[in-house]
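Examination of the molecular architecture
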Amino acid sequence: GIQVEQSPPDLILQEGANSTLRCNFSDSVNNLQWFHQNPWGQLINLFYIPSGTKQNGRLSATTVATERYSLLYISSSQTTDSGVYFCAVRDSSASKIIFGSGTRLSIRP
Amino acid sequence: DGGITQSPKYLFRKEGQNVTLSCEQNLNHDAMYWYRQDPGQGLRLIYYSQIVNDFQKGDIAEGYSVSREKKESFPLTVTSAQKNPTAFYLCASSGQARVNTEAFFGQGTRLTVV
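Thresholds applied
Residues numbered from 1 in each chain as written. Chains lettered and ligands numbered in written order. Predicted model: local features only at pLDDT ≥ 70, side-chain atom pairs only at ≥ 80, totals over all residues. Heavy atoms only, no water. Contact = heavy atoms within 4.5 Å. Buried area = accessible area lost by both parts, 1.4 Å probe. Salt bridge = Lys/Arg side-chain N within 4 Å of Asp/Glu carboxyl O. Polar contact = N/O pair within 3.5 Å; in protein donor to acceptor, adjacent residues only side chain to side chain. Helix = DSSP H or I, 4+ residues; strand = E, 2+ residues; numbered from the N terminus. Nonpolar A, V, L, I, M, F, W, Y, C, P; charged D, E, K, R; others polar. Phe/Tyr/Trp six-rings, centres within 6.5 Å; stacked < 30°, edge-to-face > 60°. Lys NZ or Arg CZ within 6 Å of the ring centre and 35° of its normal.

What follows is about the interface of chain A and chain B. Across the contact, 22 residues belong to chain A and 24 residues belong to chain B. Together chain A and chain B conceal approximately 1900 Å² of surface at their shared face, both sides included; 49% is due to carbon and sulfur atoms. Remark: the boundary between chain A and chain B carries one salt bridge. The shortest N-O distance in the salt bridge between Lys 96 of chain A and Asp 59 of chain B comes to 3.7 Å. At the junction of chain A with chain B, the criterion picks out nine residue pairs in polar contact (both at pLDDT 80 or more). Mapped by element, the contributors of at least two residues to the side of chain A that touches chain B are strand 4 (32–37), strand 5 (43–48), strand 9 (83–90) and strand 10 (97–99) of chain A. Each residue belonging to the side of chain A that touches chain B can be placed in one class, and the counts come to eight nonpolar, 11 polar and three charged.

For the rest of this paragraph, the subject is the packing of aromatic side chains. One pass over the full model with this rule turns up nine aromatic pairs over all chains. Taking the centre distance of 5.8 Å and the plane angle of 80° together, the rings of Phe 99 of chain A and Phe 105 of chain B count as edge-to-face. Of this pair, Phe 99 of chain A sits in strand 10 while Phe 105 of chain B sits in strand 10 (residues 103–105), on two different chains. Through pairs of rings, three or more aromatic residues link up here, namely Phe 35, Phe 86 and Phe 99 of chain A together with Tyr 33, Tyr 35 and Phe 105 of chain B. Directly above the ring of Tyr 69 of chain A sits Arg 22 of chain A, whose terminal nitrogen or CZ lies 4.3 Å from the centroid. For Arg 68 of chain B, the ring lying beneath its charged end belongs to Phe 74 of chain B, and the centroid distance is 5.9 Å.

Don't take any of this as a statement about function, it's just geometry.
What follows is the structure, encoded as structure tokens:
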């Protein structure tokens, strides 16, 4: 099955810094999503981005499907950005949704 | 409000008991999923369903069972055969079966075996 790898596994930054999170996948995928898991465990949808680039405020994402990776950019980090960021892809049959192991982001005030 | 509702939020179970976690959605989505998350880990797929009256095992189905009798509902039963059931359980849904649409998650159920 498809393997999804996220890097780095942990990231500690000062408030105001910028960060780039990476998601690599081992095979062609039909779509890709980025989620933020808050301290209460809820998964918040950030981007649905099978290809191309999207922006939402301080966050943006780029997926290069032909090269099998996606990047999530967070600019001017705030303490509320802390949490775990997951990328998830669908396999070729579009039936399973497969998650990476996540990047744990800690923003220090 | 449209969305996915999981209940209860917290659940305690004695060893040897079966317990059922509820997942209901009013998004008119065809596909529904159950994931398990252990502390500090990612999400692992337990079962998924693309359409009513049909479901498939995911990567860690042993000790779990599901049903999909209604489009809106996909309950998960954690049986006594599940050796380590204490975990955070998340339910998700997405649009048409086998069509690439965005998935949405419920708020999760924390199950603790006492």
